[in-house]
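Coordinate analysis (summary)
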2 protein chains.
Amino acid sequence: MHWQSVTIIGVGLIGGSLGLALRRAGVADRIVGVGRDAKRLSEAVRRGLITQATTNLEEGVAEAELVVVCSPVDRIADHALRALRASPRRAVVTDVGSTKRSIVRAVERYGAQEARRFVGGHPIAGSEQRGAASARDDLFTCRTVVLTPTARTDPKAVLRIKRLWESVGARTVSMKAEQHDRILASTSHLPHLVAAALAAATPTRYLEFAGTGWADTTRIASGDVDLWVAIAMDNRKPLLRAIEKFQNQLERLRIALAGQDTRSLKSALRKGKKHRDALGS
Amino acid sequence: MHWQSVTIIGVGLIGGSLGLALRRAGVADRIVGVGRDAKRLSEAVRRGLITQATTNLEEGVAEAELVVVCSPVDRIADHALRALRASPRRAVVTDVGSTKRSIVRAVERYGAQEARRFVGGHPIAGSEQRGAASARDDLFTCRTVVLTPTARTDPKAVLRIKRLWESVGARTVSMKAEQHDRILASTSHLPHLVAAALAAATPTRYLEFAGTGWADTTRIASGDVDLWVAIAMDNRKPLLRAIEKFQNQLERLRIALAGQDTRSLKSALRKGKKHRDALGS
């Protein structure tokens, strides 16, 4: 598979890394970056993340075969619809948003023609760092990308997006947008809120006594606040259920500890260890 | 400072790393390891963590100038008292336990002579790994070691333990045992329970969609369960207060999310980010 013209909307960590990875794989001739800041876009061209740039979305997608929307979650639906309207009819449009249901729905509601060639996507890769300066050509290597096609999506469009991610070393899994959002609420959005609450609950004067355990457990709390507020708000209901489930687990631990119930405490910690060990290091 | 004879009781990650680090620094001639498993002790001698070994604690401390008790938290007080009784009167005894109040109290209650030459200690260094096989000679480099002397402790003994840790690259801070336990409840014991609850709340079938965020946030949950049950039980009251404080923070986040209160959600995530950023990466 080879792309003559790919457009990346939002040249940050994910968009910039995708540009780099596509170029390294040699599967794209032209990579147009669309962004708001002309200076940053020039820098991205200079660093080889994209081959050309524009601040005009419609202009940027006009000749695209493939458009990847890498904007913040709360702007993806709008950017995807604009890309679908302004790109050639044969172009496929996908995104990399951390939530899927609201984005996929927005496209489906807009029109059947647009829904046919839109494939919701989410590469499970990232960092608490942000911006094109942190872009890496191996960000997607051995990562999982979830695709969320619907009954309206053209199977050929899905296949093309599958090949796109495979060309940069990732594997893809397809599921319903709702299922994606339920799973990610648990594996990604909940950990972020937990890390933030843990960091917030620790007085800063105690930090000189924080070891690697605290550092690891709270690392993602330093992620971009606006980005995470948008994700949490967009995935509110599944996230609320995940929080409640976590609260119940922690409350079980608290009650065991308060009641000096060593056996229950041990069994709860064992369950945590078992789940963590199942992932590997 | 130079030690002719140091005894390390418990040659695991911490004890083994201390042996290695003392030898690398060239500040100890003889390092006697005391443990229960003769085969593992021979392996530790072979790997150079200790210079000789015995399974008999009393025998192991009989000629010691310095005894460092590196046993699991729930055995430290007993091992420290046995070491104080069986070691020469000029020997200094210290420990590396993750909790301090109960250990220091046990020694104080035992007798004034013993309390004079015991210095409670806790190097804030470690790993979710365990055992002498993970020992590293740089485990204490640039780490903080908390010392918890009391009014009864001989200031000369405190100074000798301070020099001990400095010789392996650590810095020391002295405080009351109760203050240590309150701080570590927040910076170490609470994160462990939170990580365990988070891991336990995540269905294992979701793990294929867990990214680096989940992995970091739950990493310490794979630590040794018995060890952590002992720590949690020993530091029960400060830990219960830390859990409640965390629960309040998380509940604030949950309420903000449930009520679609973007401003409160943002302010809570900002506080978490601010605290995390204060630590650095």
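Basis of the calculations
For every chain, the first residue of the written sequence is number 1, and numbering continues from 1 onward in sequence order. By the order in which they are written, chains take letters starting at A while ligands take numbers starting at 1. Confidence filtering applies because this is a predicted model: local features only for residues at pLDDT of at least 70, side-chain atom pairs given and counted only at 80 or more, and all residues used for totals across whole chains, interfaces and linings. The basis for every side-chain value is the complete set of non-hydrogen atoms in the structure, without hydrogens or water. pLDDT expresses how confident the predictor is about each individual residue, on a scale running from 0 to 100. Here, nonpolar core means buried Ala, Val, Leu, Ile, Met, Phe, Trp, Tyr and Cys residues that are tied together by side-chain atoms lying within 4.5 Å of each other. The buried label applies to any residue whose accessible area, calculated with a 1.4 Å probe on protein chains only, is under 20% of its type's maximum; exposed applies above 50%, and partly exposed to all values in between. In what follows, a contact means two residues having at least one pair of non-hydrogen atoms within 4.5 Å. A pair of strands is treated as paired once DSSP finds two or more bridges between them. Starting at the N terminus, helices and strands are each numbered in turn, a helix being any DSSP run of H or I of at least four residues and a strand any DSSP run of E of at least two. Working convention: axes come from line fits to C-alpha atoms, limited for helices to the stretch in contact. Angles between N-to-C directions cover 0 to 180 degrees. Two aromatic rings, drawn from Phe, Tyr or Trp (for Trp, its six-membered ring), form a pair once their centres lie within 6.5 Å of each other, and the interplanar angle then sorts them: stacked below 30 degrees, edge-to-face above 60, tilted otherwise.

**Here's the deal with the confidence of the model for chain A**
The predicted coordinates ought not to be read in detail in places where the model reports low pLDDT. Taken as a whole, chain A shows an average pLDDT of 96; of its residues, 99% reach a score of 70 or greater. Taken together, the chains of this predicted complex give a pTM of 0.92 and an interface ipTM of 0.92.

**Things to note about the nonpolar core**
Counting 67 residues, the largest nonpolar core has A:Phe246 and B:Phe246 as the members making the most contacts within it. In contact with A:Phe246, not counting residues within four places along its chain, are A:Leu190, A:Val194, B:Val194, B:Ala197, B:Leu198, B:Ala201, B:Phe246 and B:Leu250. A:Ile14, A:Ala28, A:Val92 and A:Ala132 belong to the second-largest nonpolar core, a separate cluster that totals 37 residues.

**Some details on the sheet that holds strand β8 (residues 144-147) of chain A**
Residues and elements named next belong to chain A. One open sheet holds the three strands; their spatial order is β7-β8-β9, and the pairing between them is mixed. The sheet is open, and its two edges are formed by β7 (121-123) and β9 (171-174), each paired on a single side. Direction aside, the axes of adjacent strands within the sheet are offset by 20 degrees on average. In this structure, β8 lies alongside β9, joined through four bridges in parallel fashion. Looking at β9, one finds that Val146 is bridged to Val173.

**Re the packing of aromatic side chains**
Going through the model one piece at a time under the given rule, you end up with three aromatic pairs over all chains. Measuring from ring centre to ring centre gives 5.1 Å for A:Phe140 and A:Trp165, while their planes differ by 70 degrees; the resulting arrangement is edge-to-face. Remark: A:Trp165 occurs in helix α7 (residues 155-167) and A:Phe140 occurs in the loop between β7 and β8; sequence separation between them is 25 residues. Given a relative accessible area of 0%, A:Phe140 falls into the buried group. Geometrically, the ring pair formed by A:Phe246 and B:Phe246 is edge-to-face, given 6.2 Å between the ring centres and 85 degrees between the ring planes. Within this pair, whereas A:Phe246 is found in helix α11 (residues 236-258), its partner B:Phe246 is found in helix α11 (residues 236-258), the two belonging to separate chains. Each member of the pair, A:Phe246 as well as B:Phe246, is classed as buried.

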